[in-house]
Each structure stands twice: as C-alpha cells, then as structure tokens.
Amino acid sequence: MSLTKKEILFCIINGFLIGIANLIPGVSGGTFALILGLYDRLIHAITSLRPETILITLRFIFGGWNKEGRQRFLDEMKRIDIVFLLFLGLGLLISVVTGAKLIQYLLQNHPSATLSLFIGLIIPSLVVPYRLIEKHNFIVWLFLIPGILLTVVPSFFMGDSSGSENPLFAFITGMIAISAMILPGISGSYIMLVLGEYQIVIGKLSNLLQVDSILFLSAFGLGCLIGLIAFTHIVKWLFKSYKSHTMTFLLGLILGSFFILWPFKDYSAGQTIVGRSGEVKRDIQIATAKNKLPQSTEEAAIPGLTFLIGLALGFGLNRLEDLNQKEQV
C-alpha cells in the first residue's frame, strides 16, 4: 500500500493537472487521467469501493484497533488503492486552492493563448491512450467516429433546451452529467447546458436554504452518486471486454475536444451565463462561441507561442512519466 516519495510526488502532480483540466472548456478530468496513464487505475479504484469498505472503516474507527481489526482495515485500504486516491485527491485540492483563480483569470483575459497552451499540452500525450490500443483493425478504428461526434455535436445544442425544476429531472441530469465528467473530452457542465439545467442548478445553489432548492439539489446529488457508481462499473467492464474498442472511442473523445479548444472564437456569439456571484461564466462563453480563423498574424502570434510551450511541456511530461515507469519495472 506504500508508495515511494517519487510516486507520491507524481500522484500529487497528476491530481493537480486533473483538477486544472476540469476548469478548461473542452477538457475534463478524465482527459488528463487518460493521457497521464491513470484512467484505468482510477476507474478500478472507484469500482473497488463497496458497502463493506464503509463498515470496515467504521468498525476500525470506533474501537476495532486490535490486531485483527487493524489488519482487516489495512487489507481493505490496500484493496481500494487508498494511498493512490488520497495523494491524487491532495493534488486535486491543491489545484482548486491555487490554480482555480489563475485559470479563471487567464480564460477571462487571455483565452486564445490559454486554449492554445492546453492543445499543445494534450497533443504529445495522445501517445498514452494510443499505446493501450492492442488491436489495430478497421472495426476498432471506426470507434473514433462516435467518440469525436459525442464531443462535438453537443456544442451545437447548448442552451437550445429548456430545463425543468422537477427533482426527478434533476436526478436524471445528475446521473448523465457525472457520467460525462468521467469520460475524457466531455464536461458535465456542457451536458447540463444541453439539457437546459445548468442555469437552474446555479440558481438553486444561490438560494441554498430554500426548501425547493434543497429537494432539487438533493435529487441532483443522489443522481451524481448513483451515476458515478454505475458508470464506472460499465467503463471497467468495457475495459475488460473490449479494451481496444473502448480506448479508441476515448481517443476520439479527446480529438473531438479540440473543436471546443480551438483558440480563435467569436466570443460575442457565446452564451452569457451568470455564476453564483453574478460574474459571467467565461468557460461557458468559450464553449458556446463560434470558431473562426485568426484575422491577422498578430492575433495568431501569442497563441502560436503558447502552443509551442504546451508542446514542450507535453513532451517533457511524457518523458518524466516514461522514466518513472522504467524505474518501477
């Protein structure tokens, strides 16, 4: 269950990158989990959680400190890969505390350069999911197409649907949104936009103490929980039964996300969604804006530079991961 200091550092860095990814339009935490080579392990860890895990933990906390109880607790923690999850979670927490405001500032003031940086960062890392594709035939590579379409098509329907304040619809939305967040290249917030629920959820969070808000958000949270448990088991089964097809589909999701990450956009055409504090949600505006070509070399210069910086960081990150894996062998 123990990790070396270097493995712990990599877990924290990877968790940080996954957390930052959730703040970027067109990039989900699943995207970075996949290109960092952690997706399979993360899915396995989540699906390892079961009711017995809670019972064993509670028994240990409330008096089960004898040798047998302690050993049962340690065995259970090892089974669910708790050290990996804890340090990955620590990296996620650090990203929220230190990185969220920086990313929001960059998206607000330098969106093109920021999006270009992430495109450059992701491209070299596509080799990671590619290596996991064991079969290379026509049928397997056809699965790229639905992956690309599933990422691109929802962007054309954001906000076209009117949502509902019915708790049942909130429950269904929660299940679908959390399932989307697990998949690389798809953001749960954009699926909520397609369903017309994004602004409703924001509004309920702003009036948290009202009875209807409590009912709505409770149903939404329950949907997220059930969706997380159910969908991770489905993904795990797909990895086991159809690994190459699944990896190709996930690769398609990431390739499709480049459509949303395209750095040159007509932001006046993007939706103006207001957050809880009254600020315009820039990430939503970026995701819903129409793509365009740069109007001048000056407009393309800085995004081009940050794209090259992203490429260098991506290749460097791949190199570090390769060296880390060689040391573990």
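Residues numbered from 1 in each chain as written. Predicted model: local features only at pLDDT ≥ 70, side-chain atom pairs only at ≥ 80, totals over all residues. Heavy atoms only, no water.

Overview of the environment of F171
Here F171 is to be found in helix α11 (residues 167-182). Since its relative accessible area comes to 22%, F171 is described here as partly exposed. Spatially, the C-alpha atoms of F171 and A219 are 4.8 Å apart, while their sequence positions differ by 48 residues. In contact with F171, other than residues within four places in its own chain, are A219, F220, L222, G223 and I226. (Helix = DSSP H or I, 4+ residues; strand = E, 2+ residues; numbered from the N terminus. Buried < 20%, exposed > 50% of the residue type's maximum accessible area, 1.4 Å probe, protein only. Contact = heavy atoms within 4.5 Å.)

Describing helix α5 (residues 67-79)
Counted at 1.5 Å a residue, the expected span for α5 with its 13 residues is 18 Å, and the 18 Å between its end C-alpha atoms agrees. Buried within α5 we find G69, F73, E76 and M77. One side of α5 carries all its buried residues, which in axial view fall inside an arc of 100°. Exposed residues pointing more than 90 degrees away from the buried face of α5 are listed as K67, E68 and K78. For α5, the secondary structure elements touched by its buried residues are α4 (51-61) and α6 (82-109). Looking one or two places after α5, you find D81, whose phi comes out positive at around 60°. (Expected span 1.5 Å × (residues − 1). Arc of directions from axis to C-beta.)

Re the nonpolar core
One finds I24, F32, Y39, I122, L250 and L261 to be the most contacted residues of the largest nonpolar core, which totals 48 residues. Where this core is concerned, the elements lending two or more residues are α1 (5-21), α2 (29-35), α3 (39-48), α6, α7 (111-122), α11, α14 (211-241) and α15 (243-261). Considering each element in turn, this core owes the most residues, seven residues, to α15. Those residues within four positions of I122 in sequence are excluded, and the remaining contacts are V27, T31, F32, I35, I254, F258 and L261. Among the nonpolar cores identified, the runner-up in size contains 14 residues, and I178, M192, Y198 and C224 belong to it. (Core = buried A, V, L, I, M, F, W, Y, C linked by side-chain atoms within 4.5 Å.)

Observations regarding the packing of α4 against α5
It is the contact of α4 with α5, at a shortest axis distance of 9 Å, that shows an interaxial angle of 140°. When the axes of α4 and α5 are compared, the pair comes out oblique. Two packed elements cross with a definite hand, and for α4 against α5 that hand is left-handed. Note on element contacts: α5 touches α4 through G69, R70, R72, F73, E76, M77 and R79, opposite T53, I56, T57 and F60. For the contact of α4 with α5, the class distribution of residues is four nonpolar, three polar and four charged. (Axes fitted to C-alpha atoms, helices over the stretch in contact; angles between N-to-C directions. Parallel < 35°, antiparallel > 145°, perpendicular 65-115°, else oblique. Left-handed = near helix turned anticlockwise from the far one by under 90°. Nonpolar A, V, L, I, M, F, W, Y, C, P; charged D, E, K, R; others polar.)

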